[in-house]
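Chain and residue survey
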Amino acid sequence: DAGVIQSPRHEVTEMGQEVTLRCKPISGHDYLFWYRQTMMRGLELLIYFNNNVPIDDSGMPEDRFSAKMPNASFSTLKIQPSEPRDSAVYFCASSSDVTGFAKNIQYFGAGTRLSVL
Amino acid sequence: KNEVEQSPQNLTAQEGEFITINCSYSVGISALHWLQQHPGGGIVSLFMLSSGKKKHGRLIATINIQEKHSSLHITASHPRDSAVYICAVGYYQLIWGAGTKLIIKP
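Our subject in this report is the structure included herewith. Keep in mind that what you see is a predicted model, and the values were worked out from it rather than measured.

1. Digging into the interface of chain A and chain B
How big an interface is tends to be stated in terms of the accessible area lost upon association of its parts. Between chain A and chain B, the residue contacts involve 15 residues of the former and 13 residues of the latter. Both sides of the chain A and chain B interface together cover about 1,500 Å² of buried area, and 57% of this is carbon and sulfur. Summed over the shared surface of chain A and chain B, the number is zero salt bridges. Along the contact surface separating chain A from chain B lie one residue pair in polar contact (both at pLDDT 80 or more). Put simply, the parts of the chain that give the side of chain A that touches chain B at least two residues each are strand S4 (31-38) and strand S5 (42-50) of chain A. With four residues, the single largest contributor to the side of chain A that touches chain B is S4(A).

2. Remarks on the environment of Arg80(B)
All names here are of chain B. Considering the arrangement of structural elements, one finds Arg 80 in the loop between strand S8 (69-74) and strand S9 (83-89). Relative accessible area serves as the criterion here: at 57%, Arg 80 is assigned to the exposed category. Sequence separation between Arg 80 and Glu 15 is 65 residues; the distance between their C-alpha atoms is 9.6 Å.

3. A short note on the sheet that holds strand S6 (residues 52-56) of chain B
Residue and element names in this part refer to chain B. Overall, antiparallel pairing links the five strands, which are arranged S1-S3-S8-S7-S6 in an open sheet. Each end of this open sheet is capped by a strand with a single partner; those strands are strand S1 (4-7) and S6. Here the strands of the sheet are splayed against their neighbours by 15° on average, with no regard to which way each runs. Sheet topology note: the strand S3 (residues 19-25)/S8 ladder contains six bridges and is antiparallel. Directly across from Thr 20, in S8, lies its bridge partner His 73.

4. What about the sheet that holds strand S3 (residues 19-24) of chain A?
Residue and element names in this part refer to chain A. With antiparallel pairing, the four strands of this open sheet are ordered in space as S1-S3-S8-S7. Because the sheet does not close on itself, it has two edges, and the strands there are strand S1 (5-7) and strand S7 (65-71). Averaged over neighbouring strand pairs, the angle between their axes works out to 15° when direction is ignored. Sheet analysis places S7 next to strand S8 (residues 74-79), joined by five bridges and oriented antiparallel. Paired with Ser 66 across the two strands is Lys 78, which belongs to S8.

5. Quick notes on the layout of surface pockets
By volume, the largest pocket is sized at about 1,100 Å³. Lining the largest pocket are 40 residues, with Gln37(A), Thr38(A), Gly42(A), Leu43(A) and Ala98(B) sitting closest to its centre. Looking at the lining of the largest pocket residue by residue, the class counts come to 19 nonpolar, 16 polar and five charged.

So, how was this worked out
Residues numbered from 1 in each chain as written. Chains lettered and ligands numbered in written order. Predicted model: local features only at pLDDT ≥ 70, side-chain atom pairs only at ≥ 80, totals over all residues. Heavy atoms only, no water. Contact = heavy atoms within 4.5 Å. Buried area = accessible area lost by both parts, 1.4 Å probe. Salt bridge = Lys/Arg side-chain N within 4 Å of Asp/Glu carboxyl O. Polar contact = N/O pair within 3.5 Å; in protein donor to acceptor, adjacent residues only side chain to side chain. Helix = DSSP H or I, 4+ residues; strand = E, 2+ residues; numbered from the N terminus. Buried < 20%, exposed > 50% of the residue type's maximum accessible area, 1.4 Å probe, protein only. Pairing = 2+ DSSP bridges. Axes fitted to C-alpha atoms, helices over the stretch in contact; angles between N-to-C directions. 1 Å grid on protein atoms, 1.4 Å probe; cavity = no way out; pocket = protein on both sides within 12 Å on 5 of 7 lines; lining within 4 Å. Points joined across faces, edges and corners; volume = space filled by probe spheres on them. Nonpolar A, V, L, I, M, F, W, Y, C, P; charged D, E, K, R; others polar.

Right, dumping it as structure tokens:
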């Protein structure tokens, strides 16, 4: 498997623009997580899905952020409108609840570095 | 007080040294994770444990549930081990430590 795939790797945009980050989880994984990492706050869980259903979105900072998972192989995190304080690295991770060595281990994508000017 | 505390925050050592990074937590947990974040930013899961000890190559992770403490050890450290090592507790909603920045000098 190619692992968790995120795109784009880098995104530079201007304040007020819409930003869409994409994630393809590992095939067969039924959990998907979106994280944000900043120097000030470290890694923060924004939202996670189980079987494409959002389970906990309490980490989503405000209404400007939204996440969807239309199917088991694709998720998006959208920021509209973007603000400079949204600049961070956004990670997607996936995991499986299937019993075994890899149970619940979260596998991370390479991240998307977002800069909002 | 943070729920997951790591120590030390920064660690610089010479190649070949035995490295220990500690993680203490104050919450009840179902699992504890050790992850590695490379200088380029990528995050890799190293271990997930709920009891005892796990070993993978030169890395060893131990956990003491009664003492709410875990350690990550690196034997025969190498410059390529330089990274930030992060402890996190939980199954799905992970509570993250602040990380330990490790630098191994040749």
